[in-house]
Amino acid sequence: MNEIPLLNRANVFETGLFSWGIPEQTAKELTSHHSELNYPAGQLIFSPGSAADIVLWVVKGVVREICPNPNGTQTLVRLATAGDILGLADKLDEKGQWIRRFEARTATECVLAIVTRQHVRDLLKDMSPGELLALSERMNSASSEWVRYYATFLGLSYRERIEMVMAELGRKFGVPDDDGVLLTFEPTTSDLAEMIGSSRPLVSRVMAELIEDGEIGRRDRKYILLYGGAIEATVSEGSHIANGHVPPNVQPAASSRHTTHLQRQHR
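Source: prediction; values computed, not measured. (Residues numbered from 1 in each chain as written. Predicted model: local features only at pLDDT ≥ 70, side-chain atom pairs only at ≥ 80, totals over all residues. Heavy atoms only, no water.)

As paired strands, strand β11 (residues 174–177) and strand β12 (residues 180–183) are joined by 4 bridges and run antiparallel to one another. Counted as the bridge partner of glycine 174 is leucine 183 from β12. A loop of 2 residues connects β11 with β12, the two strands running antiparallel in sequence. Relative to strand β14 (residues 222–226), β12 runs antiparallel, the two sharing 3 bridges. (Pairing = 2+ DSSP bridges. Helix = DSSP H or I, 4+ residues; strand = E, 2+ residues; numbered from the N terminus.)

Shown next as structure tokens:
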């Protein structure tokens, strides 16, 4: 089997802090002094305009971050999972208070960790000027990468957008499988339509094309990014967390073995 070094996401949040340049001890302080809340599937976590005086990250489960549009539609900004921070697009209002820009709602049962912004500020005060500068530069780089991502995204065809989204889902939810990369979370047709700015019928047509072309397969209502396809190759190339210290307790995910029938079409 062609093994893919996908990471166990249990400690990805802490690993991400290291990669941003936050000292290891500061990162451990932040991740160890928090409260955890359990949410059922389908529950609203926060809405646009609500106070953003706490920082949340996903410990377990999947959260939909949604941007309401002026015309009454909505855009699914991302599917957040273990290690992801919620509210990265929070903003300061005219009174200087942090408020939410997007809506967040659980897609599955979730466990969320919370810390206050004041606790984060207190920890940052203990960092040296050099460490704070490095953190600022890395956060600016991450922000610029998101701008580049969406600028590129807008110039793509709908098929190319879906391929880009499926590769990102592979990095976030994929586990190695005999046939490729198995997505442990099943995005709905509506999810994909909102993420690429199209209709559900168009998404269904493109997904059928990807199955016919050998890019993706289906098994037990789950997608598989098939070996030999361009999407799986993109996931394989980007599986490691770049430029950061990965703690020894973050190990590659174990291979997933299956014997059930794979739905795969050949031209």
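All right, on to the nonpolar core then. Within the largest apolar cluster, 31 residues are counted, with the highest numbers of intra-cluster contacts made by Leu79, Ile162, Met166, Leu169, Met207, Ile216 and Leu225. Excluding residues that lie within four positions of it along the chain, leucine 169 makes contacts with Leu79, Gly174, Leu183, Pro187 and Leu192. Grouped together as the second largest cluster of nonpolar side chains are 12 residues, Tyr39, Ile45, Phe46 and Val63 included. (Core = buried A, V, L, I, M, F, W, Y, C linked by side-chain atoms within 4.5 Å. Buried < 20%, exposed > 50% of the residue type's maximum accessible area, 1.4 Å probe, protein only. Contact = heavy atoms within 4.5 Å.)

Right, let's get into helix α6 (residues 189–196). Here α6 has its buried residues at Asp191, Leu192, Ala193, Met195 and Ile196. Against the buried residues of α6 lie β4 (63–68), β5 (74–80), α4 (129–154), α5 (158–173) and α7 (200–212). Positive phi shows up at glycine 197, right after α6, with a value of about 70°.

Turning next to the sheet that holds β14. Strand order in the open sheet formed by 4 strands is β11-β12-β14-β13, with antiparallel pairing between adjacent strands. With one partner strand each, in any of the chains shown, β11 and β13 (216–219) form the two edges of the open sheet. Along the sheet, successive strands turn relative to each other by an average axial angle of 35°, direction set aside. In the packing of helix α8 (residues 230–237) onto the sheet, contacts are made with β12, β13 and β14, and the angle to β14 comes to roughly 85°. (Axes fitted to C-alpha atoms, helices over the stretch in contact; angles between N-to-C directions.)

Enumeration over the complete set of coordinates arrives at 16 salt bridges. Close ionic contact of arginine 105 with glutamate 103 constitutes a salt bridge, the shortest N to O distance being 3.4 Å. Under the relative-accessibility criterion, arginine 105 is labelled partly exposed at 31%. Arginine 205 is the partner of glutamate 209 in a salt bridge, and the nearest nitrogen-oxygen pair spans 3.0 Å. With a gap of 4 residues between them, glutamate 209 and arginine 205 both fall in helix α7, about one helical turn apart. (Salt bridge = Lys/Arg side-chain N within 4 Å of Asp/Glu carboxyl O.)

Such coordinate-based values are descriptive only and should not be taken to indicate function.
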